[in-house]
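Chains, contacts and geometry: an overview
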Amino acid sequence: MADELESNVSGSPGDAQGNETDASKHSEAAVQEGGGNRQPIRSSTRSIKRKRFADEVIESSIGSLQAGRQMKRTRIDDLMSAASRWLPTDDLTLITAVQQTNDLQAVHTGATFSTPFSLSDIQERWYALLYDPVISRPAVGAIKELHPEQVVEIHSNALLSKEEEKLLANIPATTSDGLKTFETLLESHAGVFHTGRTARSLQNHWKMMKWHRLLADQKVQPLYHGDTLLSFSDAEEQLEKVEQLTPYQDTLEQELSAMDRQEKRTIRRLESELPKWQALVDGSSAAEFDSQTLAILKGRLVRYLMRSQEITVGRSTQSQSVDVDLSLEGPATKVSRRQATIKLKPDGEFLVSNEGKRPLYIDGRPVISGDKGKLRHNSVFEVCDLSFMFLVNSELVSSLHPNRL
């Protein structure tokens, strides 16, 4: 009996596996016989969440509070570092310019700040002044502490609104009454112009508009009155068409490329010299002289009549005046107050002496400070990007100086 029990208990491993396989088969068969109502048991690998203890909740809340304080401190430091670049004068300039134009792009283009801010910097500063009290309150306090002279200067140099420029554009280009015209305009339209405007600032802006031919009575005159002039872009387009129609050849391609470069250089040079030749054509008529005019210094906008044998050329100021004020022709801030002297010699020749800091150019030849040069009929007189034609009244000069060559 004991031997039988021992044989039943101690079986081979193969017998044990066989028994387990039979048992699993029997269980599957039982499930199938039951109609599949029993569901397989599912297991999860996720860890079971437990509730936090009180000390852990306190530590997590303290950590989040410190992180929030650190982020707030970093934000304040960033705002203060960006605000340090903006001076109170910059803030006042920005506010005044936006009130005048209602356009941040125009403010970025036309307003002058102490630092060349980008468009994004101007936008961020403007929105901060509007919506961020951390920035706006100290900025407004600093603006209130500015000196009254600084405030007046910023207001007088503020950008002009569209209504103001429209009123200035209606002033004729031939106006020569000085400040009276602009004082009258300022008084009659006090509700349109900014309170900081002065007659002098309006006159300076009107001169800039006149120089750029933005006045209502000004029209851009064509450079050429004859046949249609071929522009550089048209010539380049024609050359491209010729290249497309021509069969490709290595030698021919190299020659055409060299000719193309040479023609482009020639066209650029001719287009740059075209205003000078146009001035020669327009200024060659002698009908502009009268019985008292010895010569004429003719610019694009203004003609200066030489009725004495010696005249001074330069830029007039309140303390010093010259016979020929070049600021009436265009921007002349680089011109010396006494730039040159034009004199008629006893032999009938006109001589120019450079008395300024910058060189003069007569027919393309430089005349440096302290030197002299001769002016002839149809000579091109240039100084600081301002070009003039010098026209001589040969009949009057010959009558005054019979020995003239």
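My aim in this report is to walk through the structure given alongside it, one point at a time. Keep in mind that what you see is a predicted model, and the values were worked out from it rather than measured. (Residues numbered from 1 in each chain as written. Predicted model: local features only at pLDDT ≥ 70, side-chain atom pairs only at ≥ 80, totals over all residues. Heavy atoms only, no water.)

**Quick look at the nonpolar core**
- Counting 30 residues, the largest nonpolar core has Leu326, Ile342, Phe350, Val352, Leu375, Phe381 and Phe390 as the members making the most contacts within it.
- In terms of residues, this core owes the most to one element, strand S11 (residues 386-392), which gives four residues.
- Leu94, Val98, Trp126 and Leu129 belong to the second largest nonpolar core, which has 16 residues in total. (Core = buried A, V, L, I, M, F, W, Y, C linked by side-chain atoms within 4.5 Å. Buried < 20%, exposed > 50% of the residue type's maximum accessible area, 1.4 Å probe, protein only. Helix = DSSP H or I, 4+ residues; strand = E, 2+ residues; numbered from the N terminus.)

**With respect to the packing of helix H4 (residues 88-101) against helix H7 (residues 133-144)**
- Between H4 and H7, the shortest axis-to-axis distance is 9 Å and the interhelical angle comes to 100°. In terms of orientation, H4 lies roughly perpendicular with respect to H7. Seen from H4, the contacting residues are Pro88, Asp91, Leu92 and Ile95; seen from H7, they are Ala139, Ala142 and Ile143.
- Each residue belonging to the contact of H4 with H7 can be placed in one class, and the counts come to six nonpolar, no polar and one charged. (Axes fitted to C-alpha atoms, helices over the stretch in contact; angles between N-to-C directions. Parallel < 35°, antiparallel > 145°, perpendicular 65-115°, else oblique. Contact = heavy atoms within 4.5 Å. Nonpolar A, V, L, I, M, F, W, Y, C, P; charged D, E, K, R; others polar.)

**Here's the deal with the pattern of salt bridges**
- As enumerated under the stated definition, the model contains five salt bridges in all.
- As a salt-bridge pair, Lys264 and Asp260 come within 3.7 Å of each other at their nearest N and O atoms. With Lys264 and Asp260 both in helix H13 (residues 250-282) and four residues apart, this pair spans about one turn of that helix.
- By relative accessible area, Asp260 is classed as buried at 14%.
- For Lys374, the salt bridge is made with Glu349, and the minimal N-O distance between the two is 3.5 Å. Of the two residues, Lys374 sits in strand S9 (residues 372-375) while Glu349 sits in the loop between strand S5 (338-344) and strand S6 (350-354), which places them 25 residues apart along the sequence.
- Residue classification places Lys374 among the partly exposed positions, given a relative accessible area of 40%.
- Accessibility expressed as a relative area gives 27% for Glu349, which makes it partly exposed. (Salt bridge = Lys/Arg side-chain N within 4 Å of Asp/Glu carboxyl O.)

**A look at the packing of aromatic side chains**
- Following the criterion strictly, the structure yields seven aromatic pairs and no others.
- Residues Trp86 and Phe113 carry aromatic rings whose centres are separated by 5.7 Å and whose planes lie at 70° to one another, so their mutual orientation is edge-to-face. In this pair, Trp86 sits in the loop between helix H3 (54-83) and H4 while Phe113 sits in the loop between helix H5 (104-110) and helix H6 (119-131), placing the two residues 27 residues apart along the sequence.
- For Trp86, a relative accessible area of 8% corresponds to the buried category.
- Ring centres of Phe182 and Trp206 lie 5.6 Å apart, and the angle between their planes is 65°; this geometry places the pair in the edge-to-face category. On the criterion of sequence distance, the pair formed by Phe182 in helix H10 (residues 179-188) and Trp206 in helix H11 (residues 199-211) is long-range, its members being 24 residues apart.
- The ring of Trp211 is capped by Arg300, whose NZ or CZ atom sits 4.6 Å from the centre of that ring. (Phe/Tyr/Trp six-rings, centres within 6.5 Å; stacked < 30°, edge-to-face > 60°. Lys NZ or Arg CZ within 6 Å of the ring centre and 35° of its normal.)

**What about unusual backbone geometry?**
- One non-glycine residue with positive phi stands out, namely Asn378, at about 70°.
- Along the chain, Asn378 turns up in the loop between S9 and strand S10 (379-383).

**Describing the side chain of Asp90**
- Looking at the secondary structure, you find Asp90 in helix H4.
- The buried charged residue Asp90 lacks any salt bridge, with Arg125 as its nearest oppositely charged partner at 8.2 Å.
- Polar side-chain contacts of Asp90 include one of 2.5 Å to the side chain of Ser114. (Lys, Arg positive; Asp, Glu negative; His and termini not counted. Polar contact = N/O pair within 3.5 Å; in protein donor to acceptor, adjacent residues only side chain to side chain.)

**Observations concerning the pairing of S11**
- Of all the seven residues making up S11, six are buried; the element is thus mostly covered by neighbouring parts of the structure.
- In this structure, strand S1 (residues 295-298) lies alongside S11, joined through four bridges in antiparallel fashion. Counted as the bridge partner of Ala295 is Val392 from S11.
- Bridge count for S10 against S11 is five bridges, and the pairing is antiparallel. Considered in S11, the bridge of Val380 is made with Met389.
- The antiparallel pairing of S10 with S11 creates a hairpin that spans two residues between the two strands, and Cys384 there sits at a positive phi of about 50°. (Pairing = 2+ DSSP bridges.)

**Examining the packing of H6 against H7**
- Packing of H6 against H7 leaves a shortest axis separation of 6 Å and a crossing angle of 90°. As judged from the angle between their axes, H6 and H7 are roughly perpendicular. In this structure, H6 uses Arg125, Ala128, Leu129 and Tyr131 to contact H7, whose residues at the interface are Pro133, Ile135, Ser136 and Ala139.
- Taken together, the residues of the contact of H6 with H7 sort by class into six nonpolar, one polar and one charged.

**Concerning the pairing of S6**
- Along S6, five of the five residues are buried, which leaves the element largely enclosed by surrounding structure.
- Along S6, one buried face is formed by Phe350, Val352 and Asn354 and the opposite face, lined by Leu351 and Ser353, is buried too.
- Pairing between S5 and S6: five bridges, direction antiparallel. Across the sheet, Leu344 pairs through a bridge with Phe350, a residue of S6.

**Some thoughts on H4**
- Here H4 is 14 residues long and its end C-alpha atoms lie 20 Å apart, about the 20 Å a rise of 1.5 Å per residue gives.
- Buried-residue contacts for H4 involve H5, H6, H7, helix H8 (148-156) and helix H9 (162-169).
- A positive backbone phi angle near 55° is found at Asn102, which sits one or two residues after H4. (Expected span 1.5 Å × (residues − 1).)

This is a description of form; function is not addressed.
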